[in-house]
Amino acid sequence: MSNKSTVVLLQGALIGAIAVELVRILYNQYVAKPTGPSTASDEPSGKAACAGEDVNTDRIGTPHPSVLYPAYRDCIYADYNATTPIFEEVRDAIIPFTLEHFGNPSSSHVFGASSKVAIDMARSQVMSLLDPQFQGGLTRDIVFTSCGTESDNGAITIALHHYNFRPKTGRAGADGLPQVIASSIEHPGILKHLQHLQTHSVIELCLLPVDSQGFVCLEQLRVLLGPTTALVTIMHSNNEVGVIQSLRVVADLVRASNAECGADTLFHSDVAQSLGKVMVDVRRLGIDMCTVVGHKFGAPKGVGALFIDSARPVPIRTCALTHGGGQEFGIRSGTESVLLITSLGAASALARRETRLTCIHVLRCKKRFMHRLEEQLSARGHLRRLRLRYNGPAQCATVSCVDELLRALGNALVVVEQGGASDVFDDLLQQLPNTVSVSFAGLKSHEILAEIQGKVACSAGSACHGTSAGVTISDVLSAMQVPVDAALGTLRLSFGRHSLLADVDIIVDTIVDALEKLAGNSGA
């Protein structure tokens with residue numbers, strides 16, 4: 001080997017060593033021990049979101065700068081499940097990558113090294129959000145993607161690739177189709193892709209029913225699991241009604257089936273709606289792969305991630321979703337968007353620190369919404385015949401239930417702050433704390449939205465749209481067997497980090513005014 005080649009190799013090794021050390025230093029400074037003063041809260045203690053961490057929570061429950069934009073000044077945002085604004089801390093973190101740090105992370109010189117360090121740092125931050133026990137440093141468990149749909153599709157592709165490497169003795173037959181089991185209320189990024197594969201005779205698709213609260217039928221899962229099951233994919237929380245599934249039970253069923261029939265079924269979960277609202281611990285839940293979406297918790301649109309457990313056998317990591325330069329460990333080739341990846345890392349670090357406090361804040365917003373709505377409908381007695389209905393788990397079906405949950409979470413937070421197990425807080429929730437799916441039987445949600453347009457930004461719980469075939473209801477509400485007249489009059493409101501309690505009153509009053517007008521016109 002020439003002296004020149006030796007020098008080049010030594011330079012590369014030095015840059016690599018410096019990158020590893022920088023990631024560790026940055027992780028310890030900004031993730032493991034975040035800085036910033038604590039602020040008081042009117043909830044019990046409210047000091048920290050993670051045991052042993054001081055958290056600056058000044059911006060929870062304060063307006064986002066977007067409210068100053070003239071077009072949005074008079075409209076209150078209550079659609080956080082659709083997307084969040086870019087949080088200011090995230091914006092600040094990515095500014096250096098708009099001008100100063102422009103190098104290609106695959107380049108071996110100093111410009112590339114700074115971008116590579118930023119990507120490795122972001123990978124550690126995302127991993128730290130998903131695994132509270134992660135100690136920092138480099139990890140291969142996070143693959144960056146462009147969105148949740150790409151991550152969902154990729155997880156399915158990887159599972160089928162993994163299935164093809166399984167020993168023939170673990171399968172019913174060489175010509176048998178691999179089975180994929182999913183819930184009937186999954187995101188279209190899962191269901192549409194699986195239905196496409198089924199149409200082309202690539203898989204056998206089995207959809208699990210849900211009960212009236214949205215919980216997956218676990219007994220049906222137990223029956224369906226077998227030697228040809230390649231993948232079980234069940235979302236952690238539903239974007240429409242907020243139901244949180246018992247993923248640890250699902251993981252136990254998958255592992256028991258694997259042990260019994262010699263299979264190696266993988267378990268994937270789309271956790272897009274959960275991050276930033278509730279804590280997700282992939283190790284404790286027993287998840288092999290999961291989908292992360294940045295714009296659901298403070299990052300820009302256009303960036304996501306796929307967690308792939310590095311402890312799984314080798315075939316799961318030999319599937320190339322795109323072919324090219326070998327970026328992202330050869331799984332997703334293509335030059336990385338350093339700016340967007342950095343934003344996802346910053347949002348993850350923020351979520352790790354303040355999710356539990358945000359959880360309590362948005363649950364207080366939910367309680368205020370429900371209390372004022374029932375108060376206003378009672379005051380306008382003729383609106384009682386609309387038959388108000390909250391969709392989802394019974395845990396949050398009444399104001400008193402939500403109030404009881406708030407007290408329990410406040411007490412549990414104190415335990416976590418004092419070094420107790422985090423699951424005493426995290427396991428209390430059966431529904432996303434920020435999500436309200438409310439039905440007004442006899443009215444149409446698209447008509448309510450038209451009346452509040454420009455005043456309140458929320459969504460239809462039913463996918464109402466005028467067509468030649470009439471108006472349809474969402475697959476989620478249909479799977480839950482919500483009565484048709486209620487499903488057609490469903491709104492989904494979702495609160496977030498920058499929601500204001502005072503604004504909740506305005507939201508309710510605006511909606512009730514619309515209900516009164518529409519009920520009068522329809523004779524409901």
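A quick note: this is a predicted structure, and the numbers were derived from the prediction, not measured. (Residues numbered from 1 in each chain as written. Predicted model: local features only at pLDDT ≥ 70, side-chain atom pairs only at ≥ 80, totals over all residues. Heavy atoms only, no water.)

Re the sheet that holds strand β7 (residues 289–293)
Which entries qualify depends on this criterion: Strand pairing is defined by DSSP finding a minimum of two bridges between the two strands. Labels follow the DSSP assignment, with helices taken as runs of H or I lasting at least four residues and strands as runs of E lasting at least two, numbered in each case from the N terminus. Think of each axis as a best-fit line through the C-alpha atoms, taken over the contacting stretch in the case of a helix, with angles from 0 to 180 degrees between the N-to-C directions. Throughout, a contact is declared for two residues whenever any of their heavy atoms are within 4.5 Å.
The seven strands lie next to each other as β2-β8-β7-β6-β5-β3-β4, forming an open sheet whose pairing is mixed. At either margin of the open sheet sits one strand with a lone partner, and together these are β2 (142–145) and β4 (204–208). Here the strands of the sheet are splayed against their neighbours by 20° on average, with no regard to which way each runs. Taken together, the four bridges between β2 and strand β8 (residues 304–308) define a ladder with antiparallel strand orientation. Across the sheet, residue Ile-142 finds its bridge partner in β8, namely Phe-307. Against the sheet, helix α3 (residues 110–130) touches β2, β7 and β8, its axis set at about 110° to β2.

Focus on the pairing of strand β5 (residues 229–233)
Note on strand geometry: in a regular strand, side chains alternate between the two faces of the sheet. Applied cut-off: Relative accessible area decides the class of each residue, using a 1.4 Å probe on protein chains only: under 20% of the type maximum gives buried, over 50% gives exposed, and in between gives partly exposed.
Counting buried positions over the five residues of β5 gives five, a clear majority of the element. Alignment of strand β3 (residues 179–183) against β5, held across four bridges, turns out to be parallel. Residue pairing in the sheet places Ala-182 in a bridge with Thr-233 of β5. Two strands pair when backbone bridges link them, and β5 and strand β6 (residues 266–270) are joined in this way by three bridges, in the parallel orientation. Residue Val-232 lies in a different strand from β6, and its bridge partner there is Phe-267.

A closer look at the side chain of Gln-327
With respect to the element layout, Gln-327 can be found in the loop between β8 and α9 (338–379). Among the residues examined, Gln-327 registers a relative accessible area of 12% and is labelled buried.

Overview of the packing of aromatic side chains
Basically, it comes down to this: Any pair of Phe, Tyr and Trp rings, taking the six-membered ring for Trp, is counted once the centres come within 6.5 Å. Such a pair is stacked with planes under 30 degrees apart, edge-to-face with planes over 60 apart, and tilted for the rest. Cation placement over rings: the criterion is NZ of Lys or CZ of Arg within 6 Å of the ring centroid and within 35° of the ring normal.
Under the counting rule described, the total for this entry stands at four aromatic pairs. Centroid distance Tyr-69 to Tyr-72: 5.1 Å. Interplanar angle 50°. Geometry classified as tilted. In this arrangement the basic side chain of Arg-497 is found over the ring face of Phe-87, its NZ or CZ atom lying 4.7 Å from the centre.

Comments concerning the nonpolar core
Condition: Note on terminology: a nonpolar core comprises buried Ala, Val, Leu, Ile, Met, Phe, Trp, Tyr and Cys residues joined through side-chain atoms within 4.5 Å.
Among the nonpolar cores identified, the biggest contains 60 residues, and Leu-130, Phe-144, Val-232 and Val-292 are the most heavily contacted of them. It is α9 that provides the largest number of residues to this core, a total of eight residues. With sequence-adjacent residues up to four places away left out, Phe-144 is seen in contact with Ile-119, Ala-122, Arg-123, Val-126, Gly-304, Ala-305, Glu-328, Arg-332, Ile-341 and Leu-344. With 52 residues, the next largest nonpolar core counts Phe-425, Phe-440, Ile-452 and Val-456 among its residues.

Observations concerning a nonpolar patch on the surface
Let me state the cut-off plainly: Exposure above 30% relative accessible area and no salt bridge define the residues that can form patches, which grow by joining like charges within 9 Å and nonpolar side chains of Val, Leu, Ile, Met, Phe, Trp and Tyr within 5 Å. Note on areas: Shrake-Rupley, 1.4 Å probe, and residue coverage restricted to the protein chains presented here. Note on definitions: salt bridges are taken to be side-chain nitrogens of Lys or Arg within 4 Å of carboxyl oxygens of Asp or Glu.
On the surface, a cluster of nonpolar side chains totalling about 350 Å² of accessible area is made up of Phe-102, Val-110 and Phe-111. Relative to the assigned elements, Phe-102 resides in the loop between α2 (88–94) and α3. In this structure Phe-102 comes out as exposed when scored by relative accessible area, which is 59%.

Things to note about the confidence of the model for the chain
Basically, it comes down to this: pLDDT is a per-residue confidence score from the predictor, ranging from 0 to 100.
Summarising the model, the chain shows a mean pLDDT of 87, and 85% of its residues fall at 70 or more. This stretch, residues 6–10, has a pLDDT under 50; its non-local contacts, to residues over four places away or in other chains, come to two contacts. Within the model, pLDDT remains below 50 along residues 462–469, and this stretch shows 19 contacts once partners closer than five positions in the same chain are excluded.

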